[in-house]
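Examination of the molecular architecture
Spelled out, the chains give:
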Amino acid sequence: MDSEADIREMIERAMELDLAAYAVTDHCECNCWYPKEHYENTELFDYFNYKDDFEASLSAVTELKEKYSDFNLICGTELGQPLADLEIAEKCISDSRLDFVISSVHQIKDEKDFFYINYYHMTTAEINNLLERYFSEVYELCKWGKFDVLGHLTYCLRYMKIRNNITPNMKLFDEIIAESLRTLADKGKGIEINTSGIRQGFGTTFPSLKYIKLFRELGGKIISIGSDAHKVRDLGANIAEGAELAKAGGFNEICYFKKRQPVFIRIN
Ligand SMILES: [Zn+2]
């Protein structure tokens, strides 16, 4: 729903860039799995029926893995809000075609996706309230932990900063973020370094070096790097910088996933 890029063109660009791997991770928002008619309260949502998208994405990528068998194409999904519908989430992650599951919070309970929220007239207290709810939902997601990497931690900051130049006091969330990262490390789960913030004018990756470092200090071992490309021209953007940040954060290796198992690549 979020990209109109031709998947073959994306793969060919990944090959041209000589990427070690390219994972297709179409959105699968568990709270909008069914067609609209299934839900009572629909005004907070703009898109439904991820059920069909999930199947279409997995079957297309699985087919293309055969066609591009000499390239490292990875069949993934980005599972949004799994805790909003655990039955669906469990069903999705049990699909044997999946190599890789990123899980993210794009939308907190009773709010629109952060993309659609208007931050302009919000007070500091209102902003902090949103962030507090985001980080506590992320913490719950980490405790559930049935994914490979946590997607773009601090996504909540993306649009408030880019559109309205709002920079909240992140110290308020130090404790809950540390608890989330510790939970992931203890479970042997990873985090994604999402490089989209660099090209979109946010200024840093999601998350920034501070949290990458903290994850390492808390025992984290697994890092994946994604450009979050929705267009051919963005594919692989700032990946090298992402790897440098992983290194600066204390990681010697980054990884991609095959059949839900990490494959490590040494960072030079
Ligand atoms: Zn996402």
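Description of the structure in this document. (Residues numbered from 1 in each chain as written. Predicted model: local features only at pLDDT ≥ 70, side-chain atom pairs only at ≥ 80, totals over all residues.)

Before going further, it helps to examine the overall build of the protein chain. Within the protein chain one finds nine helices and eight strands. Here the protein chain has a C-alpha radius of gyration of 18 Å; the compact-globule value for 268 residues is 18 Å, and the two agree. For the protein chain, the spread of C-alpha atoms along the three principal axes comes to 55 × 50 × 35 Å. Within the protein chain, contacts between residues at least 6 apart in sequence are counted, and of these 74% link residues at least 24 apart. (Helix = DSSP H or I, 4+ residues; strand = E, 2+ residues; numbered from the N terminus. Rg over C-alpha atoms; globule rule 2.2 N^0.38 Å. Contact = placed C-beta atoms within 7 Å.)

This part takes up the sheet that holds strand S1 (residues 22-29). Strand order across the open sheet formed by six strands is S1-S2-S3-S4-S5-S6, with parallel pairing between neighbours. Pairing within the sheet leaves two strands with one partner each, and these edge strands are S1 and strand S6 (223-226). Note: strand S2 (residues 73-80) against strand S3 (residues 100-104), five bridges, orientation parallel. Bridging from a neighbouring strand, Gly76 pairs with Phe100 of S3. (Pairing = 2+ DSSP bridges.)

Next up on the list: the pairing of strand S5 (residues 190-194). When you tally the buried positions in S5, you get five out of five residues, the bulk of the element. Taking every second residue as pointing to the same face, both faces of S5 are buried, with Gly190, Glu192 and Asn194 on one and Ile191 and Ile193 on the other. Of the strand pairs in this sheet, strand S4 (residues 149-150) and S5 are connected by two bridges, and their pairing is parallel. If you follow Leu150 over to S5, its bridge partner there is Ile191. Where S5 and S6 come together, four bridges link them in parallel fashion. Bridging from a neighbouring strand, Ile193 pairs with Ile225 of S6. (Buried ≥ 20, exposed ≤ 12 C-beta atoms within 10 Å, placed from the backbone.)

Function cannot be read off these values alone, since they describe shape.
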